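Examining the three-dimensional arrangement
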Amino acid sequence: MTRVTIPRLSTRDADFASRFEKLLHWDEGDIGAVERTVADIISDVRARGDEAVIALTSRFDRIDLTPESMAFSKEEIAEARASLPEEDRKALETAAQRIWDYHTWQMPAMGMETYRDWQGAELGQRTTPLDRVGLYVPGGLANYPSSVLMNALPARVAGVEELIMVVPTPDGIVNPLILAAADIAGVDKVFRIGGAQAVAALAYGTDTVPSVDKIVGPGNIFVATAKRQVFGKVGIDMIAGPSEILVVADRHNDPRWIAADLLSQAEHDEEARPFLITDDAGFADRVEEAVNAHLNTLERRAICEKSLANRGGIILARDLDEACELASQVASEHLELAVEDPDALLPKIRHAGAIFMGRYTPEAMGDYVAGPNHVLPTGGTARFSSPLGVHDFIKRTSIIRCTEAATRVIGPAASRLADREGLTAHKLSVDLRLEK
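Residues numbered from 1 in each chain as written. Predicted model: local features only at pLDDT ≥ 70, side-chain atom pairs only at ≥ 80, totals over all residues. Heavy atoms only, no water.

**A short note on the environment of Val137**
The following threshold applies: Where helices and strands are cited, they refer to DSSP runs of H or I of at least four residues and of E of at least two residues respectively, numbered from the N terminus. Only protein chains enter the accessibility calculation, which uses a 1.4 Å probe; a residue whose area is less than 20% of its type maximum is buried, one above 50% is exposed, and one in between is partly exposed. The criterion used for residue contact is that any of the two residues' heavy atoms lie within 4.5 Å.
Turning to its location among the elements, Val137 is positioned in the loop between strand E4 (132–136) and helix H6 (145–158). Taking the relative accessible area as the measure of exposure, Val137 reaches 2% and is therefore buried. Counting along the chain gives 29 residues from Val137 to Val166, while the straight-line C-alpha distance between them is 6.2 Å. Sequence-distant contacts of Val137, defined by excluding residues within four places in its chain, comprise Val148, Met165, Val166, Val167, Pro168 and Ile178.

Okay, structure coming up:
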């Protein structure tokens, strides 16, 4: 068996800063061809609607559809749910309940809230849910019923009226767990279409696929590019890059546990980025040995090997304080604090998508049953982005009411500013109300 050597850096090395920056850099490459292809697909769907979606689905997924067969029937979904082994169904329901409970706790106050300032103006906001949301779910080799729950349930908690899901079914095959998860989460309609054409259909609508207000969910580079291109017509959650994990660990961990945690992300994708930061070189050696031992047992060994060798890294820090500083620079999607006292380190972490506290909280728990959302910012975007949640499915509308008295108090300032900006109609609309 070949042995994987994970790139190793030390903060004591003179060239550490440049090597660390290179390790963190993710280059999408030249996606010009992808962007042009996606733009053509979107244009085609806008022009021909169902006809284009059906033709593209036949071309890419090798399945022939009609407008009537684009969506799964209620009977097909019920049959998929009924076909599950009892333990699979219970696992989905356990995860769904925990995700529902967490996002219910997260939910802000809805409706209208106002206050009256000392000048007499009434100000506030009204918070309401989106009307209709589109959920993109990967199909084919990537079957993630957990993502169905993570995308659909927060929308339901937020009060979204209608959920429309799309999932590619190459050669007509779909994992029944996907349909069962959609049923459990209360998805209203599931279409057996995917790719950029499905994103375009959700954004612009066809005779069969309704247009939505926002599109959420992961996909390949064509899906991500399509989401980027339709943004503005609809909202999107985020543009996600390859999955990543950063484990800050001391020498008192079981190296087998930490090795498994790194592999849990490496198996997603050859571009996935598994990192370990530790203050003990001997422990780093033991983790690498454990990684190689685990690889012999994994179905996705080849994917893991490429991820670890080309995109992974073991970083030796002087101490755990320095490890936290480095972790904040990475702003990782998943951050494990596998140390004796994670609460002591938590205030030192400025940026991360999700933080997993202590030795008994592997990232995989967050993927499925912990409750908080597993749709997280990647590629350092945790510096300014947040996990998917109920806030992504609600909107705020400002409420402004000025009495005559309030307008007389604050109106002159508005008139003056309008005048200085050269917007004379703005000034006139205020000045007319200030006339005695």
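Once the structure has been displayed, the description carries forward.
**Observations regarding unusual backbone geometry**
In this structure, Arg62 is a non-glycine residue whose phi angle is positive, near 55 degrees. By the secondary structure assignment, Arg62 is in the loop between helix H3 (50–61) and helix H4 (74–82). Its identity is not glycine, yet Ala331 carries a phi of approximately 50 degrees, on the positive side. Its place among the elements puts Ala331 in the loop between helix H13 (320–330) and strand E12 (334–338). By relative accessible area, Ala331 is classed as buried at 0%.

**Side note on the packing of aromatic side chains**
Let me state the cut-off plainly: What counts as a ring pair is set by centres within 6.5 Å for rings of Phe, Tyr and Trp (its six-membered ring), and what kind of pair is set by the plane angle: stacked under 30 degrees, edge-to-face over 60, tilted for all other angles.
For the structure on display, the rule yields three aromatic pairs. Between Tyr102 and Trp105, the ring centres sit 5.5 Å apart and the planes meet at 40 degrees, which makes this aromatic pair tilted. Pair noted here: Tyr102 and Trp105 are both in helix H5 (residues 86–106), with a separation of three residues, about one helical turn. The partly exposed category is assigned to Tyr102, whose relative accessible area is 26%. Classification of Trp105 by relative accessible area gives exposed; the value is 66%.

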